[in-house]
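# A closer look at the structure
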There are 2 protein chains.
Amino acid sequence: MAVRVDLNISLDGFATTTDQTPENPFGEDWPRLTTAYTSTRTFRERVLHDTSGEGTTGVDDQYAVAYFDELGAEIMGAGMFGLHNFPDDPDWKGWWGDEPPFRIPVFVLTHGTARPPIEFENGTVFHFLEATPQEALDRALAVADGKDVRIGGGPTVVQDYLRAGLVDQLHVAIAPILLGRGIRLWDDLRGLEAGYEVIAETAESGTVHLTFRR
Amino acid sequence: MAVRVDLNISLDGFATTTDQTPENPFGEDWPRLTTAYTSTRTFRERVLHDTSGEGTTGVDDQYAVAYFDELGAEIMGAGMFGLHNFPDDPDWKGWWGDEPPFRIPVFVLTHGTARPPIEFENGTVFHFLEATPQEALDRALAVADGKDVRIGGGPTVVQDYLRAGLVDQLHVAIAPILLGRGIRLWDDLRGLEAGYEVIAETAESGTVHLTFRR
């Protein structure tokens, strides 16, 4: 039972893009940042429900498989769920349509905007709560059935958990591109590597998979 | 004949450390940033004049060999030479003792502080000049005898050359540590990857060698 993080970042450390518009809520940078992951067969099957068997099957896909493996619950920030984009829409159910890829309880950290849980047939349940990182983690661990808990993002939430020393495994997929704008994952994390073993692996796509594990 | 850069950077992108003191002119962070390189057999032989044969011989050492290979001239900033540390010492000859590892002409970019050249028996000659990036490069290419020219650093000088589109090959050795302070290599370089092929390779030390080549 470990607390895990998996993020896509650019070579200059940006984990979230900031060129979103109302018409293009992910922006132009996001597809470029995540292309190695969204090109995998596992992502296409699991998130896009594409059963054609297309998609990459190399190192990037091995990490995509591991991404969904052995997970019992997830925690994410309000921004990742989309509450900042659609704050006044009580029917907003996240970006993922009627079959969110999680299939587990997901705890969305809000800032005082209580919402009833949203339940999907495939096992995904979004719970909304205002809580400290530790409190939310306790809630997630309680329902994770002995499996791992992922801190899903965005980077600000991940930083909170990293600084609190609550993360057992941090995996970043570093895209070999420079975005020059966005939210940096690495700010104010000097010395994070202490206490972790660091493993680096290069994928066929040029993506560098770096894992801090303790 | 290519214009090359080789730098050691931290995972959070810092290429220069800033914790130097008069007593410790490299600071505490610098050895940690460069340890994979300074542990190689090639560095020990070439820079420390240690002929014992000790030092690592893996992927890091292959890059260390390439670092010194096929080079005809080098360009560096005043800070890398040490002029900011010893501005009033007309006898300052750099950090590298009586046998600097360059063995080629080195052009040190100054800001109006003219100095006579310094010549060493092993072929190293330090020339001091105030010039634009292109002018300094033209001077270096003129004496490089058809070989490569390296932009040695520091990161501010490298950024000038990258932004001017003058660099053919950028190699960064990314140490799996977070420094959280220093000078970032990647600032204001959005889209640098365009026009380059990017190759990533992981060394036994956990260092990720990333090369932009055109």
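Residues numbered from 1 in each chain as written. Chains lettered and ligands numbered in written order. Predicted model: local features only at pLDDT ≥ 70, side-chain atom pairs only at ≥ 80, totals over all residues. Heavy atoms only, no water.

Going by an unreviewed UniProt entry, chain A carries the name Deaminase and comes from Nocardioides marmorisolisilvae.

This brings us to the pairing of strand β6 (residues 125-129) of chain A. When a strand is regular, its side chains alternate between the sheet's two faces. Residue and element names in this part refer to chain A. Counting buried positions along β6 yields four of five residues, so the element is predominantly enclosed. Bridging between strand β4 (residues 105-109) and β6 involves five bridges; their strand directions are parallel. For P105, the partnering residue across the bridge sits in β6 and is V125. In sequence, strand β5 (residues 118-119) turns back onto β6 through a hairpin of five residues, with G123 there showing a positive phi of about 105°. (Buried < 20%, exposed > 50% of the residue type's maximum accessible area, 1.4 Å probe, protein only. Helix = DSSP H or I, 4+ residues; strand = E, 2+ residues; numbered from the N terminus. Pairing = 2+ DSSP bridges.)

All right, on to the packing of aromatic side chains then. Residue and element names in this part refer to chain A. Counted according to the given criterion, the structure contains 30 aromatic pairs over all chains. Plain terms: the ring middles of F86 and W95 are 5.9 Å apart, the flat faces sit at 65° to each other, and that makes the pair edge-to-face. Classification of F86 by relative accessible area gives partly exposed; the value is 29%. Each member of the aromatic cluster is reached from another via a ring pair, and the members are F81, W96, F102, F120, F126 and F128. Against the face of Y67 rests R150, its NZ or CZ located 3.5 Å from the ring centre. (Phe/Tyr/Trp six-rings, centres within 6.5 Å; stacked < 30°, edge-to-face > 60°. Lys NZ or Arg CZ within 6 Å of the ring centre and 35° of its normal.)

UniProt marks residues 3-188 of chain A with the feature "domain: Bacterial bifunctional deaminase-reductase C-terminal" (unreviewed entry), using the numbering shown here. End C-alpha atoms of residues 3-188 of chain A are separated by 20 Å, and the span's content is 27% helix alongside 24% strand. (UniProt positions renumbered as here; feature names shortened; annotations may be inferred.)

Turning next to the interface of chain B and chain A. Contact with chain B, which involves 27 residues of that partner, is made by 27 residues of chain A. Three residues, B:L11, B:L178 and B:R190, lead the burial of chain B against chain A; their summed loss comes to 32% of the area buried on that side. One salt bridge in this structure joins B:E193 and A:R32, with 2.6 Å as the shortest N-O distance. Here chain B and chain A share 13 residue pairs in polar contact (both at pLDDT 80 or more) between them. For the side of chain B that touches chain A, the secondary structure elements donating two or more residues are α1 (29-38), β10 (197-202) and β11 (208-213) of chain B. With four residues, β10(B) is the single largest residue contributor to the side of chain B that touches chain A. Residues of the side of chain B that touches chain A, tallied by class, amount to 14 nonpolar, four polar and nine charged. (Contact = heavy atoms within 4.5 Å. Buried area = accessible area lost by both parts, 1.4 Å probe. Salt bridge = Lys/Arg side-chain N within 4 Å of Asp/Glu carboxyl O. Polar contact = N/O pair within 3.5 Å; in protein donor to acceptor, adjacent residues only side chain to side chain. Nonpolar A, V, L, I, M, F, W, Y, C, P; charged D, E, K, R; others polar.)

This part takes up the relation of the copies chain B and chain A. Of the transformation placing chain B onto chain A, the axial shift is 0.0 Å and the rotation is 180°, giving an RMSD of 0.0 Å. Taken together, these values place the two copies in the relation of a two-fold axis. Mapped onto chain A, 100% of the interface residues of chain B are again interface residues, and the two copies thus contact each other with one and the same surface. (Least-squares fit on C-alpha atoms with pLDDT ≥ 70 in both.)

Residues and elements named next belong to chain B. Pairing is mixed across the open sheet formed by nine strands, whose spatial order is β5-β6-β4-β3-β7-β1-β8-β11-β10. Looking at which strands have only one partner, the edges of the open sheet turn out to be β5 (118-119) and β10. Inspection of the sheet shows β5 paired to strand β6 (residues 125-129) by two bridges, in the antiparallel sense. Pairing of E119 across the sheet is with V125, part of β6. Sheet contacts for α1: β1 (3-10) and β8 (169-175); angle to β1, the most-contacted strand, approximately 125°. Those strands touched by helix α6 (residues 155-163) are β1, β3 (71-77), β4 (105-109), β7 (148-153) and β8, and its axis lies near 135° from that of β7. (Axes fitted to C-alpha atoms, helices over the stretch in contact; angles between N-to-C directions.)

This brings us to the pairing of β11(B). Residues and elements named next belong to chain B. For β11, the buried fraction is high: five of the six residues fall into the buried class. Where β8 and β11 come together, six bridges link them in antiparallel fashion. In the strand pairing of β11, A173 is matched with H209. Judged from the six bridges that link them, β10 and β11 form a sheet pairing that is antiparallel. Residue pairing across strands places I199 opposite T211, the latter belonging to β11. Remark: five residues form the turn of the hairpin made by β10 and β11, two consecutive strands paired antiparallel; G206 in that turn has positive phi of roughly 90°.

Residue and element names in this part refer to chain A. Within the secondary structure, Q159 is located in helix α6 (residues 155-163). Polar contacts involving the side chain of Q159 include one to the main-chain carbonyl oxygen of R184, which spans 2.8 Å. Look past the residues within four positions of Q159 in its chain and what remains in contact with it is R184, L185, W186, D187 and L189.

Strand pairing within a sheet occurs via backbone hydrogen bonds; the two strands may be parallel or antiparallel. Residue and element names in this part refer to chain A. If you walk across this open sheet you meet the nine strands as β5-β6-β4-β3-β7-β1-β8-β11-β10, and the pairing is mixed. Because the sheet does not close on itself, it has two edges, and the strands there are β5 and β10 (197-202). Taken strand by strand, helix α5 (residues 133-143) contacts β1 (3-10), β3 (71-77), β4, β6 and β7 (148-153), and its axis lies near 155° from that of β3.

The next point concerns α6(B). Within the span of α6(B), buried status applies to B:P155, B:V157, B:V158, B:Q159, B:Y161 and B:L162. Phi for B:G165, located one or two positions after α6(B), is positive at around 70°.

On to the environment of A:H84, then. Residue and element names in this part refer to chain A. For H84, the location among the structural elements is in the loop between α4 (78-81) and β4. For the pair H84 and T110, spaced 26 residues apart in sequence, the C-alpha separation works out to 9.9 Å. Each residue touching H84, except ones within four places of it in the same chain, is listed here: A78 and G79.

The next thing to look at is the nonpolar core. A:I75, A:W186, B:I75 and B:W186 are the most contacted members of the largest nonpolar core, which has 72 residues in total. Those residues in contact with B:W186 that sit more than four places away from it in its chain are A:L11, A:D12, A:L178, B:I9, B:G13, B:Q159, B:L170, B:V172, B:L192 and B:F212. (Core = buried A, V, L, I, M, F, W, Y, C linked by side-chain atoms within 4.5 Å.)

Once that is clear, we can look at the pattern of salt bridges. Counted by the stated rule, this structure contains 20 salt bridges over all chains. B:R190 serves as the salt-bridge partner of A:D29, at 2.9 Å between the closest nitrogen and oxygen. Remark: B:R190 occurs in the loop between β9 (183-184) and β10 and A:D29 occurs in helix α1 (residues 29-38); the pair is interchain, linking two chains. Overall, A:D29 belongs to the buried group, its relative accessible area being 1%. For B:D19, the salt bridge identified is with B:R181, shortest N-O distance 3.5 Å.

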